[in-house]
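A look at the structure
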Amino acid sequence: MILDQTTQHDILNLTRMALSEDIGSNDLESARDCTTLAMVPDDVTASAAFVSRTTGVVCGLQVIRLIVAHFAPNLSLRLALDDGDQVAPRQEIASLMGEARKILMIERTCLNFLCRLSGISTLTAQFVQRTRGTNAKIFDTRKTTPGWRRIEKYAVACGGGHNHRMGLYDAIMIKDNHLAMYGNHIDDHKLSVSQAIDLAREWVLENQVTLPNGRDTIIQIEVDTLEQLQIALKSNPDIVLLDNMSTQLLCQAVEMRNVHNRQVLLEASGGVNLQTVAAIAKTGVDRISVGAITHSATNFDIGLDWQRL
């Protein structure tokens, strides 16, 4: 996996904050780790390994490569695996060699990135595994940690998932609140679905030169009834989000789509967890969006163990 330039920028900004709150500075030469400075001589060199304590999908190795290169360039980092690789208990993920003080000062920041991102990639992989044999793909949402969005979406991709829109700025997603607001200004509320899609398409064409994806900007609309879906299909959006529908309704929605407009993708959302995702995938929907893979992922257990030189 490759970190794009914007994601790298986010990582460096987050690392500056992380180091400053932990050791009082993002410059390891002027940083103050009271315990390390008191107990570890400045001429001691050492080697330490990041070691998995459990089974899962590792993520964050390219992140710590960037961190070490920018903030601890005198340390030597060796990666034993790459982001997206399966990892087993007691398996070495990466190792650091160099000045012991600097290893101790940067240890927690590296572990925080590794554990958080590996937790997301591991949970994503569990969702993906439960959809095997279907056409459904697992997508993330905007329910991400503030400042971490691009990095957490990177972790989703490492776990085999797919990225939804990055933010409000790069795609159109007409949700129930938009429809409710728009519906207050027209006489027939049933027309709000079709008119909203038409308005969105006109706006994209008028503003395409300012949009990241130009005239190809995705237009998606959220519906919660089959009646709304039928209306939406006639207006030909790119994606229809089926919100909190039972598996029975999802099956009916897929059948309706297959009859009236096969080009429109259907996305299920709401009530998705590891116990329900397999049944949802079997209904025939194309996409399943899961906020839990970012907002509810548990930190992966990774430790730093000293090695003999």
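The following paragraphs examine the structure supplied in this document. Nothing here was measured: the structure is a model prediction, and the numbers come from that model.

1. A short note on the pairing of strand β1 (residues 45-52)
Counting buried positions along β1 yields seven of eight residues, so the element is predominantly enclosed. Where β1 lies against strand β5 (residues 92-99), seven bridges are found, and the strand directions are antiparallel. Considered in β5, the bridge of A49 is made with S95. As paired elements, β1 and strand β12 (residues 302-307) share six bridges and run antiparallel to each other. Residue S52 lies in a different strand from β12, and its bridge partner there is I302.

2. Section: the packing of aromatic side chains
The full count for this structure, using the stated rule, is one aromatic pair. Aromatic side chains F113 and W148 sit 4.9 Å apart centroid to centroid with 25° between the ring planes, which places their arrangement in the stacked category. In this pair, F113 sits in helix α4 (residues 100-129) while W148 sits in the loop between β6 (137-139) and α5 (149-158), placing the two residues 35 residues apart along the sequence. Lying over the aromatic face of F139, R287 brings its terminal NZ or CZ to 3.7 Å of the ring centre.

3. With respect to helix α7 (residues 192-207)
Taking 1.5 Å of rise per residue, the 16 residues of α7 would be expected to cover 22 Å, and the 22 Å separating its terminal C-alpha atoms lies within 8% of that figure. Every buried residue of α7 is accounted for by S192, V193, S194, A196, I197, A200 and V204.

4. Quick word on the sheet that holds β12
Sheets are built from strands paired through backbone hydrogen bonds, the pairs being either parallel or antiparallel. Taken together, four strands build an open sheet; the order of strands is β3-β5-β1-β12 and the sheet is antiparallel. Edge positions in the open sheet fall to β3 (76-79) and β12, since each of these has one partner strand only. Across the sheet, the axes of successive neighbouring strands diverge by a mean angle of 20°, strand direction being ignored. Each of β1, β3 and β5 touches helix α3 (residues 61-71); the most contacted strand, β3, lies at about 165° to it.

What counts and how
- Residues numbered from 1 in each chain as written.
- Predicted model: local features only at pLDDT ≥ 70, side-chain atom pairs only at ≥ 80, totals over all residues.
- Heavy atoms only, no water.
- Buried < 20%, exposed > 50% of the residue type's maximum accessible area, 1.4 Å probe, protein only.
- Helix = DSSP H or I, 4+ residues; strand = E, 2+ residues; numbered from the N terminus.
- Pairing = 2+ DSSP bridges.
- Phe/Tyr/Trp six-rings, centres within 6.5 Å; stacked < 30°, edge-to-face > 60°.
- Lys NZ or Arg CZ within 6 Å of the ring centre and 35° of its normal.
- Expected span 1.5 Å × (residues − 1).
- Axes fitted to C-alpha atoms, helices over the stretch in contact; angles between N-to-C directions.
- Contact = heavy atoms within 4.5 Å.

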